[in-house]
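Listed here are the chains, written in short residue letters.
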Protein chains: 2
Amino acid sequence: MDMTAPRRPNPAHGDCSKVSQILARVGDKWTVLVVMMLGGGPKRFNEIRRSIEGISQQMLTRTLRGLERDGMVTRTIYPTIPPQVEYELTPLGRSLLEPVMALGSWAQAHIPSIDAARAEFDRRKAG
Amino acid sequence: MDMTAPRRPNPAHGDCSKVSQILARVGDKWTVLVVMMLGGGPKRFNEIRRSIEGISQQMLTRTLRGLERDGMVTRTIYPTIPPQVEYELTPLGRSLLEPVMALGSWAQAHIPSIDAARAEFDRRKAG
DNA sequence: CGGCATCCTTGGAGATACTG
DNA sequence: CAGTATCTCCAAGGATGCCG
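Definitions and limits used
Residues numbered from 1 in each chain as written. Chains lettered and ligands numbered in written order. Predicted model: local features only at pLDDT ≥ 70, side-chain atom pairs only at ≥ 80, totals over all residues. Heavy atoms only, no water. Pairing = 2+ DSSP bridges. Helix = DSSP H or I, 4+ residues; strand = E, 2+ residues; numbered from the N terminus. Expected span 1.5 Å × (residues − 1). Bend = angle between axes of the 7 residues up to and from the residue. Axes fitted to C-alpha atoms, helices over the stretch in contact; angles between N-to-C directions. Left-handed = near helix turned anticlockwise from the far one by under 90°. Contact = heavy atoms within 4.5 Å. Nonpolar A, V, L, I, M, F, W, Y, C, P; charged D, E, K, R; others polar. Buried area = accessible area lost by both parts, 1.4 Å probe. Salt bridge = Lys/Arg side-chain N within 4 Å of Asp/Glu carboxyl O. Polar contact = N/O pair within 3.5 Å; in protein donor to acceptor, adjacent residues only side chain to side chain. Least-squares fit on C-alpha atoms with pLDDT ≥ 70 in both. Near = heavy atom within 4 Å.

The name given to chain A in an unreviewed UniProt entry is Helix-turn-helix transcriptional regulator, with the source organism recorded as Roseococcus pinisoli.

**Student:** When you look at the sheet that holds strand β1 (residues 43–44) of chain A in this model, what are you seeing that I'm missing?
**Tutor:** Adjacent strands of a sheet form backbone hydrogen bonds with each other and so pair up, either parallel or antiparallel. Strands sit in the order β1-β3-β2 (chain A) across an open sheet of 3 strands; the sheet is antiparallel. What marks the edges here is a single partner per strand, and that holds for β1 and β2 (73–78) of chain A.

**Student:** Looking at this structure, how should I read helix α5 (residues 91–126) of chain A?
**Tutor:** Because an α-helix completes one turn every 3.6 residues, residues spaced three or four positions apart along the sequence face the same direction. With 36 residues, α5 of chain A ought to run about 52 Å at 1.5 Å a step, and its terminal C-alpha atoms sit 49 Å apart, in line with that. His 110 of chain A marks where α5 of chain A bends most, by close to 55 degrees; the proline Pro 112 of chain A follows one to four residues later.

**Student:** How should I be thinking about the packing of helix α2 (residues 31–38) of chain B against helix α5 (residues 91–126) of chain B in this particular structure?
**Tutor:** Each pair of packed helices gets described by two things: the angle between the helix axes and the distance between those axes. All names here are of chain B. Closest axis-to-axis distance for the α2/α5 pair is 10 Å, and the angle between their directions is 115 degrees. At the point where α2 passes α5, the crossing takes the left-handed sense. Only Gly 93, Leu 97, Val 100 and Met 101 of α5 make contact with α2, whose side of the interface consists of Val 32, Val 35 and Met 36. For the contact of α2 with α5, the per-class residue count stands at 6 nonpolar, 1 polar and no charged.

**Student:** Help me understand the interface of chain B and chain A in this model?
**Tutor:** It is common to give the size of an interface as the accessible area that goes away when the parts come together. Counting residues at the interface gives 40 residues for chain B, matched by 41 residues for chain A. The junction of chain B with chain A conceals about 3,700 Å² of combined surface from both sides, 69% of it contributed by carbon and sulfur atoms. Contact with chain A buries area across many residues of chain B, yet Arg 69, Trp 106 and Arg 118 of chain B alone supply 19% of it, more than any other trio. Residue Asp 115 of chain A is joined to Lys 18 of chain B by a salt bridge in which the shortest nitrogen-to-oxygen separation is 3.2 Å. In this structure, the connection of chain B to chain A is made through 12 residue pairs in polar contact (both at pLDDT 80 or more). Where the side of chain B that touches chain A is concerned, the elements lending two or more residues are α1 (16–27), α4 (57–69) and α5 of chain B. Among the elements that line the side of chain B that touches chain A, the one with the most residues is α5 of chain B, at 20 residues. Grouping the amino acids of the side of chain B that touches chain A by side-chain chemistry returns 19 nonpolar, 10 polar and 11 charged.

**Student:** What am I meant to see in the environment of Phe 45 of chain B here?
**Tutor:** Residue and element names in this part refer to chain B. Relative to the elements of secondary structure, Phe 45 occurs in helix α3 (residues 45–51). Taking the C-alpha atoms as reference points, Phe 45 and Gln 84, separated by 39 residues in sequence, lie 8.2 Å from one another. With sequence-adjacent residues up to four places away left out, Phe 45 is seen in contact with Gln 57, Leu 60, Thr 61, Leu 64, Val 85 and Tyr 87.

**Student:** Quick question: what am I supposed to make of the relation of the copies chain B and chain A here?
**Tutor:** There are two copies of the chain, and a rotation about an axis plus a shift along that axis relates them. Of the transformation placing chain B onto chain A, the axial shift is 0.0 Å and the rotation is 180 degrees, giving an RMSD of 0.2 Å. These values place the two chain copies in the arrangement generated by a two-fold rotation axis. Considering only C-alpha atoms, the part of chain B nearest the rotation axis is Gly 27 of chain B, at 1.8 Å. Counting the interface residues of chain B, we find that 98% of their copies in chain A are interface residues as well, pointing to one common contact surface.

**Student:** Sorry if this is basic, but what is going on with the protein's contact with DNA strand D here?
**Tutor:** As a structural note, the neighbourhood of DNA strand D is formed by 20 residues, with Phe 45, Gln 58, Arg 75 and Tyr 87 of chain A together with Met 59 of chain B the closest of them. Near the protein, within 4 Å, the atoms of DNA strand D are sugar or phosphate in 57% of cases. The side chain of Arg 62 of chain B places a nitrogen or oxygen atom 3.2 Å from a base nitrogen of DNA strand D. Counting only elements with at least two residues in the surface near DNA strand D, the list comes to α3 (45–51), α4 (57–69) and β3 (84–89) of chain A together with α4 of chain B.

**Student:** What am I meant to see in the side chain of Thr 90 of chain A here?
**Tutor:** Within the fold, Thr 90 of chain A resides in the loop between β3 and α5. Non-local contacts of Thr 90 of chain A, meaning those with residues more than four positions away in its chain, are made with Gly 71, Met 72, Val 73 and Thr 74 of chain A.

What follows is the structure in structure tokens.
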């Protein structure tokens, strides 16, 4: 059997590329930080920006747009002066938090092992 | 003063940068695929390569080195002719599979919602 | 067969400045 | 305050070739 076929619309594999997209999003430098921040309730643009050290305004905009597009976040404009925009997690966005936190916990728990492995690996390489 | 050091060694935050590294690894284009492949048991280099459509030999090498460095994978050289190298998940690597699979399942389950959200978002923007 | 070194292209992060 | 537009720059990743 030839496994080289580029794309298989095999239902058993669901849509593998879609899953990859989600994983990539979780691995994104800012997305998880933003989602966790919003986990505490609705936030305004600059409120988020100030709470995430090091993020540029453009990266925050892009991150929020991506999340909005995927239905993880809602964007509400209040036509006040000055303009006010509030972001809030949707149920979908909130549900993402669970597996992500699980992964985060795993990471937390295994940091020592990983650090040890790295030190060992680097030590060998250095000789 | 050097600001390149991780910001706060706050135990409550664990080591946030370390956690980010793990998340980034999971979001990596190839790492998860390789780990899942090895979840089925030890595999040889080209065996892995053939089973992952589209990966270059260099990317596979880099991915495996990274995993090896982090203690997720062991590398065993059999001094045969021609040389034979086998990769296998460590217990640590296997334990990573659990939260990753959970995230994968979440992704699978919510693909329809996400697709719908995207379509809606794009429709608005275009329309 | 497995792995490294080298070169090259490109996507996208990030800074800056402008608009509504 | 929130968002867009433009530019620069770098590193991720692909292709190729040689070595053990």
